[in-house]
Amino acid sequence: GTVLQETKYRTIYQARKGELQSLRRMAKDDPWKPIYHIHPPYGLMNDPNGLSYFNGYYHVFYQWYPFGAIHGMKHWAHVRSKDLVHWERMPVALVPTEWYESHGAFSGTALEKDGQLHLYYTGNVKFDEANRSANQCLAIMDPAFRIHKYKRNPLIKGTPKGYTGHVRDPKVFKKDGLFYMFLGAQRNDLTGTLLVYESQDAIGWEFKGELQVEGWSKGRMWECPDFFWLNGKDVLILSLQGVEKNEHNYHNVYNVIYLVGELDLARLSFKVDYCRELDKGFDFYAPQTFADPQGRRVLFAWAGSGEVAYPTDPHGWAHCLTLPRELILDGTKLKQKPIGELVRLREQGLTVAGQLEKGEKAVINGDDAFELNVRFTEIAADRFGIRFCQSDREEVTLLFDKRKAVVTLDRSQCAHRFGEQFGTVRSEELPIGDDVSVRIFVDRSVVEIFLQDGEVAFTSRVFPLGESRGITLFADGKLDFHVEKYALAR
Ligand code: FRU
């Protein structure tokens, strides 16, 4: 068929003279640009791709549209790091120049094989607004970090019978001497599923069928599957379109769940023991994980959301990734902990401890990039919490309600509100005893909150006014608090 031609389907090679330089200049000094979170120089970032440790460096690739804050022709951009903290920009990794990726190099994974990093991704092909196809492709990065596309691409041409053009986001892994590829997919009846391919050499792939996920069937499209072993269990992460909200769950336009259970590749089944939303914040999607050299399971996600306009869109850039998080399986619960190396960002520290009585407040000065660790103990208060990114004109509130056993993040009092069509608060059930620990990372316009050692995480964007750097603890009754605050800088 004929493919859709639109200006948003241009590659950087088709940029006009000086165009990329002027895009870069426009986005460069935006005070909302994160300091220590991976973000695009200009244009739009979405999913993390190809997470890996290869030849002495951590590598993070990401979906990138260069020409503005919209979803258009996706490239793979590339950053690398020695320590998961300080990142260095690398040349653009994948520019979609070929027929099999005519409308973008979509998400995928990395797998080291024979001393080279294999990058699996989806070549997106659009015929018109409603019709598309997908090809599964390979690019190879050599030990000098040069990347070339595989000559006999695509590895898998088109999508199998019974499925729409929405088949994408290869997750490739090796088990018992064989390679497997999981693909997010949509059936012809517009329900979501996961497809399994098998390979002897990680080049030639045989379609095995659908993975029977016993215990989860919702969603009209499953995207960005991730799969790994942790602590003797199998874990599957799915990014889902089209799941209805209920109570505290699935309030974003697209939502992420994790499933802990048992994978049986011979029977193509995944038996689910436990299933839960992975992050309770407003801006979190398409997470991926990898095993690092110390054997840690490390996760990055897109700290963003589809179908939402963000305050930086007019400045020509959008979105960032989350911090790297170490995953820990505690029973059947996945805990997320900011990676230990982040302490390297710490500058001046401040410690405050004390007691609050009914209606009292403790005020601390913030920065635009900081880490805040708060422990509440001897909690006799019913409602208590933390306000931050605060001034006379706005605030973000994290509220603990002991009687309801609920924690709530409230962005309704921000000066720059966005995405309000999906609500202005997010919450989660949390049994509150007399000891609550909170870890908050603020990086100019991104906030990551970890409660009770990573049992609950909230990832959200907020776009504070320059003056809104206040932090306040509040309580409607007695409690003890201990606060540690660090300014963070690269
Ligand atoms: C998820 C996603 C993926 C796709 C990519 C395109 O955010 O829709 O399914 O590969 O983004 O940028």
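Engineer: Pulling in residues and values, what's your account of the layout of surface pockets?
Structural biologist: Reported here for the largest pocket is a volume of approximately 660 Å³. Lining the largest pocket we find 33 residues, and of these Asn 46, His 71, Lys 74, Phe 106 and Glu 223 sit closest to its centre. Looking at the lining of the largest pocket, the elements with two or more residues in it are β1 (43–54), β5 (105–113), β6 (116–126) and β9 (163–175). Along the lines of polarity and charge, the residues of the lining of the largest pocket split into 10 nonpolar, 12 polar and 11 charged. Here the second largest pocket is characterised by a volume of approximately 370 Å³. Every residue lining the second largest pocket is counted, 19 residues in all, and those nearest its centre are Ala 110, Leu 111, Val 172, Phe 290 and Ala 291. For the lining of the second largest pocket, the secondary-structure elements that each account for two or more residues are β1, β5, β9, β14 (221–230) and β18 (285–291). Among the residues forming the lining of the second largest pocket, the class breakdown is 12 nonpolar, three polar and four charged.

Engineer: Account for the pairing of strand β30 (residues 435–443), with residues named and values stated.
Structural biologist: Regular strands place their side chains on alternate faces of the sheet. Examined bridge by bridge, strand β25 (residues 369–377) and β30 share nine bridges and lie antiparallel to one another. Residue pairing for β30: Leu 372 is matched across the bridge by Ile 440. Hairpin remark: β30 followed by strand β31 (residues 446–451), antiparallel, with two residues in the connecting loop; positive phi at Arg 444, about 60 degrees.

Engineer: So what's going on with helix α1 (residues 19–28)? Residues and values would help.
Structural biologist: Residue pairs three or four apart in sequence face the same way in an α-helix, which turns once every 3.6 residues. Those residues of α1 lying buried are Glu 19, Leu 20, Leu 23 and Ala 27. What you see down the axis of α1 is that its buried residues fit within an arc of 95 degrees, all on one side. Looking at α1, the residues exposed on the side facing more than 90 degrees away from the buried face are Arg 25 and Lys 28. Tucked into the core, α1 has its buried residues touching β20 (317–318).

Engineer: So what's going on with the site of the ligand? Residues and values would help.
Structural biologist: The immediate surroundings of the ligand are formed by Asn 46, Asp 47, Gln 63, Lys 74, Phe 106, Ser 107, Arg 168, Asp 169, Glu 223, Cys 224, Tyr 285 and Trp 302. Contact between the ligand and Arg 168: an oxygen atom at 2.7 Å from a side-chain N or O atom of the residue. Between the ligand and the protein, one listed contact pairs an oxygen atom with a side-chain N or O atom of Asp 169 at 2.5 Å. If the ligand stood free it would expose 320 Å²; the protein chains cover 91% of that surface. Its atoms largely coinciding with the cavity grid, the ligand occupies the largest pocket. Of the residues belonging to the shell around the ligand, the class tally is four nonpolar, three polar and five charged.

Cut-off values and rules
- Residues numbered from 1 in each chain as written.
- Predicted model: local features only at pLDDT ≥ 70, side-chain atom pairs only at ≥ 80, totals over all residues.
- Heavy atoms only, no water.
- 1 Å grid on protein atoms, 1.4 Å probe; cavity = no way out; pocket = protein on both sides within 12 Å on 5 of 7 lines; lining within 4 Å.
- Points joined across faces, edges and corners; volume = space filled by probe spheres on them.
- Helix = DSSP H or I, 4+ residues; strand = E, 2+ residues; numbered from the N terminus.
- Nonpolar A, V, L, I, M, F, W, Y, C, P; charged D, E, K, R; others polar.
- Pairing = 2+ DSSP bridges.
- Buried < 20%, exposed > 50% of the residue type's maximum accessible area, 1.4 Å probe, protein only.
- Arc of directions from axis to C-beta.
- Contact = heavy atoms within 4.5 Å.
- Near = heavy atom within 4 Å.
- Polar contact = N/O pair within 3.5 Å; in protein donor to acceptor, adjacent residues only side chain to side chain.
- Areas by Shrake-Rupley, 256 points an atom, 1.4 Å probe, with all protein chains shown as cover.
- Sits in = over half its atoms within 2 Å of the grid points.

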